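# A structural walkthrough
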Amino acid sequence: MDNRQAIGSWLSGPRQAAEDMGADFGYRGQQLGLPEEGPGAIAPLGRRFGAVVVDWAGCMLIAYGLFAQGNQQTMGNWALGIFLVLSVLTVGTVGSTPGKRLFGLRVVAENGGRLGLGRVLLRSLLLCLAIPALIWDRDGRGLHDRLAKAIQVRI
């Protein structure tokens, strides 16, 4: 093996190295039976981040306007609580938060149905911890979605 190829494999990551050796991973969501593109496909990471930013900004504005009274720490704490309530209520009822709706995303159960209240609550609590949302699988699902048996899909 050429040293440049080994360095390139190390820099590009283990998935690319495995693909270069002939492994076929398919597209994101293939193992879940989802289409590759269009409605029902796995939501792209960029849209998911955008939706979280919109939701968080809205929660910060509500916390600032109603509860913070100029205190930054208080505003952050209230915003996190509002974010939790927003996530549980909106994902539990209509399947998407305002940010997700704006970016054309929806949260569904792995079987394609709606998430039950227990799974929505688990998913929302883990999302508020942030770290589980930053650990992804090969389909781009965060740990919070895997544990809640949820998938974020395009509308």
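What comes next concerns the included structure. (Residues numbered from 1 in each chain as written. Predicted model: local features only at pLDDT ≥ 70, side-chain atom pairs only at ≥ 80, totals over all residues. Heavy atoms only, no water.)

### Quick look at the pattern of salt bridges
Note the following rule: By convention in these notes, a salt bridge is any Lys or Arg side-chain nitrogen within 4 Å of a carboxyl oxygen on Asp or Glu. Only protein chains enter the accessibility calculation, which uses a 1.4 Å probe; a residue whose area is less than 20% of its type maximum is buried, one above 50% is exposed, and one in between is partly exposed.
A full pass over the atoms with the stated rule returns 4 salt bridges. Its salt-bridge partner being Arg141, residue Asp137 comes within 3.7 Å of it at the nearest N-O pair. Residue Asp137 shares its accessibility class with Arg141, and that shared class is buried. Measuring nitrogen to oxygen at the nearest pair gives 2.8 Å for the salt bridge that ties Asp137 to Arg146. Look at Asp137 and you get buried, because its relative accessible area is 18%. According to the relative accessible area criterion, Arg146 is partly exposed, its value standing at 44%. One salt-bridge network, held together by shared partners, links Glu110, Asp137, Arg141 and Arg146.

### Topic: the nonpolar core
Quick reminder of the rule: In this description, a nonpolar core means a group of buried Ala, Val, Leu, Ile, Met, Phe, Trp, Tyr and Cys residues linked to one another through side-chain atoms lying within 4.5 Å. Helix and strand assignments follow DSSP, with helices taken as H or I runs no shorter than four residues and strands as E runs no shorter than two, numbered in order from the N terminus. Residue contacts are counted whenever heavy atoms from the two residues lie within 4.5 Å of one another.
With 10 residues, the main nonpolar core is built from Cys59, Ala63, Ala68, Met75, Ala79, Ile82, Phe83, Leu127, Cys128 and Ala133. Elements represented by at least two residues in this core include exactly helix H3 (45-68), helix H4 (72-93) and helix H6 (117-129). The element contributing the most residues to this core is H4, with 4 residues. Look past the residues within four positions of Ala133 in its chain and what remains in contact with it is Leu127, Gly142 and His144.

### As for the environment of Arg48
Looking at where Arg48 falls in the secondary structure, it is placed in helix H3. Remark: the alpha-carbon pair of Arg48 and Gly99, spanning 51 residues in sequence, is separated by 8.7 Å. In contact with Arg48, not counting residues within four places along its chain, are Ala43, Leu105, Trp136, Gly140, Arg141, Gly142 and Gln152.

### Quick look at unusual backbone geometry
Although it is not a glycine, Ala130 sits at a positive phi angle of roughly 75°. Mapped onto the secondary structure, Ala130 falls in the loop between H6 and helix H7 (143-147). Its identity as a non-glycine residue notwithstanding, Lys149 has a phi of 55°, on the positive side. Its location among the elements puts Lys149 in the loop between H7 and strand S2 (150-154).

### Structural notes on the packing of H4 against H6
For the record, the criterion: Axis definition: a line fit to C-alpha positions, over the contact stretch in the case of helices; interaxial angles, taken between N-to-C directions, run 0 to 180 degrees. Any angle that falls under 35 degrees is termed roughly parallel, while one over 145 is termed roughly antiparallel, one within 65 to 115 roughly perpendicular, and all others oblique. Left-handed is the label given to a crossing in which the near helix is rotated counterclockwise from the far helix by less than a right angle, and right-handed is the label when the rotation is clockwise. Classification convention: Asp, Glu, Lys, Arg as charged; Ala, Val, Leu, Ile, Met, Phe, Trp, Tyr, Cys, Pro as nonpolar; all other residues, Gly among them, as polar.
Contact geometry for H4 and H6: axes closest at 9 Å, N-to-C directions at 150°. Classified by the angle between their axes, H4 and H6 sit roughly antiparallel to one another. Crossing hand, H4 versus H6: right-handed. Each of Leu80, Phe83, Leu84, Ser87, Val88, Val91 and Gly92 in H4 lies in contact with H6, whose residues at this interface are Leu117, Val120, Leu121, Arg123, Ser124, Leu125, Leu127 and Cys128. Partitioning the contact of H4 with H6 into residue classes produces 11 nonpolar, 3 polar and 1 charged.

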